[in-house]
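The chain contents come next:
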Amino acid sequence: MPSTPDLALRCPVCRSPLSSAADAGPALPGKALVCAAGHSFDAAKQGYFNFLVGKGTAFEADTAEMVAARFSFLDGGHYRPLADAVAAAVVPFLPRDAATVLDSGTGTGHYLRVLLDAAPAGTARVTAIGLDISKFALRRAARLNPEATNLVCDVWQRLPVADDAVDVITVIFAPRNPPEFARVLRPGGLLVVVTPRSGHLAAIAGQTGMLGIEEGKDDRLVEAMSGQFSVEFVRDLDLPLVLAPHEVVDLAYMGPAGHHLDRTALAARLAGLPPGTAVEARFRITVFRLAAPPR
């Protein structure tokens, strides 16, 4: 059972504090979250909680096939230097007594796993919350990060997290909700955002049907955050990769283009690739600090 951050989570129905229940039924005893109003959320057998309530969401979640492609690619270690760089940006700022990290758009949980493993031994306790809209992604994340509380929810709606409850938020290739991030972060908290830069995977983008990087995207990110956040620092990371044909297929299919691609047709189209295709991944890690409220 994940170590539930009882003081951090809020009921998605009534916004009351959530705590661990004594019993969630015969299948998974003890794996439930309840509020004082009686709203109860049982864990799925894979270990995550579904917090989509009411009308649900109009956001298009990643499919099981897209998630499988992402898990395979990330499990191959291709983006491990990026995960290490994110952890290096976060860990020095974690409070030593107890820290809460929110991974918004956690996906398969690979980046959060590296961060949690990098937390120094002197940190008494790191509470982790992973959010994603895809239940298929959270099935993977819950297995990889069983100590985290993994929640299916929509980042465009009010987050099921208390005000001023989180020390660091990480957002890696995922949507951003600045007002909600500002609400749940503690004063002076950090928001770490990873985005692709111009030229990212350019060598294969045309062949695979992957979406291009819009001009001025980084400037728009900073502008969107400027009302609540200031830029602490920026780091660019370039990763030269040599990928087998099936890894190129996974890379294309695991991202937003996967919603529009037919994997079988894509694999057939790329069957003539050489055993190793050279490609460069280009990332930007932007670390924002929550701005102090005006006096």
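Here is what the cut-offs are and how they apply
Residues numbered from 1 in each chain as written. Predicted model: local features only at pLDDT ≥ 70, side-chain atom pairs only at ≥ 80, totals over all residues. Heavy atoms only, no water. Salt bridge = Lys/Arg side-chain N within 4 Å of Asp/Glu carboxyl O. Helix = DSSP H or I, 4+ residues; strand = E, 2+ residues; numbered from the N terminus. Buried < 20%, exposed > 50% of the residue type's maximum accessible area, 1.4 Å probe, protein only. Pairing = 2+ DSSP bridges. Axes fitted to C-alpha atoms, helices over the stretch in contact; angles between N-to-C directions. Parallel < 35°, antiparallel > 145°, perpendicular 65-115°, else oblique. Left-handed = near helix turned anticlockwise from the far one by under 90°. Contact = heavy atoms within 4.5 Å. Nonpolar A, V, L, I, M, F, W, Y, C, P; charged D, E, K, R; others polar. Polar contact = N/O pair within 3.5 Å; in protein donor to acceptor, adjacent residues only side chain to side chain. Phe/Tyr/Trp six-rings, centres within 6.5 Å; stacked < 30°, edge-to-face > 60°. pLDDT = per-residue confidence, 0-100. Disulfide = S-S within 2.5 Å.

Draft legend 1. Fine view of the pattern of salt bridges. By the definition in use, this model includes 14 salt bridges. Here D163 and R158 are joined by a salt bridge, their closest N and O atoms 3.9 Å apart. Across the salt bridge formed by R197 and D238, the nearest N and O atoms sit 2.7 Å from each other. In this pair, R197 is assigned in the loop between strand 9 (185-196) and helix 6 (202-208) and D238 in strand 10 (residues 229-243), connecting sequence segments 41 residues apart. Given a relative accessible area of 13%, R197 falls into the buried group. Put simply, R158, D163, E180 and R183 are held in one network by salt bridges that share partners.

Draft legend 2. Seen up close, the sheet that holds strand 1 (residues 18-20). Judged by pairing direction, the sheet is antiparallel, and its three strands sit side by side in the order 1-2-3 without closing on themselves. Pairing within the sheet leaves two strands with one partner each, and these edge strands are strand 1 and strand 3 (40-42). Between one strand axis and the next, the sheet turns by 25° as a mean value, whatever way the strands run.

Draft legend 3. Here's a closer look at the packing of helix 1 (residues 64-75) against helix 8 (residues 245-253). Two numbers describe how helix 1 lies on helix 8: the axes approach to 8 Å, and their chain directions differ by 125°. Judged by the angle between their axes, helix 1 and helix 8 are oblique. Along this stretch, helix 1 crosses helix 8, giving a crossing that reads as left-handed. Here helix 1 contributes E65, M66, A69, S72 and F73 to the contact with helix 8, which in turn contributes E247, D250, L251 and Y253. Of the residues belonging to the contact of helix 1 with helix 8, the class tally is five nonpolar, one polar and three charged.

Draft legend 4. Region of the structure containing the environment of R197. Each C-alpha atom of the pair R197 and A281 lies 8.5 Å from the other, and the pair is 84 residues apart in sequence. At 2.7 Å, the side chain of R197 and the side chain of D238 are in polar contact.

Draft legend 5. Representation of the packing of aromatic side chains within the structure. The full count for this structure, using the stated rule, is five aromatic pairs. Taking the centre distance of 5.7 Å and the plane angle of 45° together, the rings of F173 and F283 count as tilted. Of the two residues, F173 sits in the loop between strand 8 (166-172) and helix 5 (178-184) while F283 sits in strand 11 (residues 277-290), which places them 110 residues apart along the sequence. Classification of F173 by relative accessible area gives partly exposed; the value is 38%. Classification of F283 by relative accessible area gives buried; the value is 0%. Consider the rings of F229 and F288, whose centres lie 6.4 Å apart with planes at 70°: the pair is edge-to-face.

Draft legend 6. Highlighting unusual backbone geometry. The backbone phi angle of D164 is positive, close to 50°, even though this residue is not glycine. Within the element layout of this structure, D164 appears in the loop between strand 7 (149-152) and strand 8. Under the relative-accessibility criterion, D164 is labelled partly exposed at 45%. For F173, which is not glycine, the phi dihedral falls at a positive 55°.

Draft legend 7. Geometry of the side chain of N177. Tracing the sequence through the fold places N177 in the loop between strand 8 and helix 5. The contacts of N177, once residues within four sequence positions are left out, are V155, W156 and Q157.

Draft legend 8. Region of the structure containing the confidence of the model for the chain. With 88% of its residues at a pLDDT of at least 70, the chain reaches an overall mean of 87. The secondary structure element of the chain with the lowest average pLDDT is helix 7 (residues 217-225), at 81, and the one with the highest is helix 2 (residues 80-90), at 97. Contacts for the low-pLDDT stretch residues 1-5, under 50 throughout, to residues beyond four places or in other chains number 19 contacts.

Draft legend 9. Main features of the state of the cysteines. Scanning the model with the defined rule gives zero disulfides in all. With no disulfide of its own, C11 has C14 as its nearest cysteine by sulfur position, at a separation of 3.8 Å. Unpaired in this structure, C35 has its nearest cysteine sulfur neighbour in C14, at a distance of 3.7 Å. On the basis of relative accessibility, which here comes to 7%, the residue C35 falls in the buried class.

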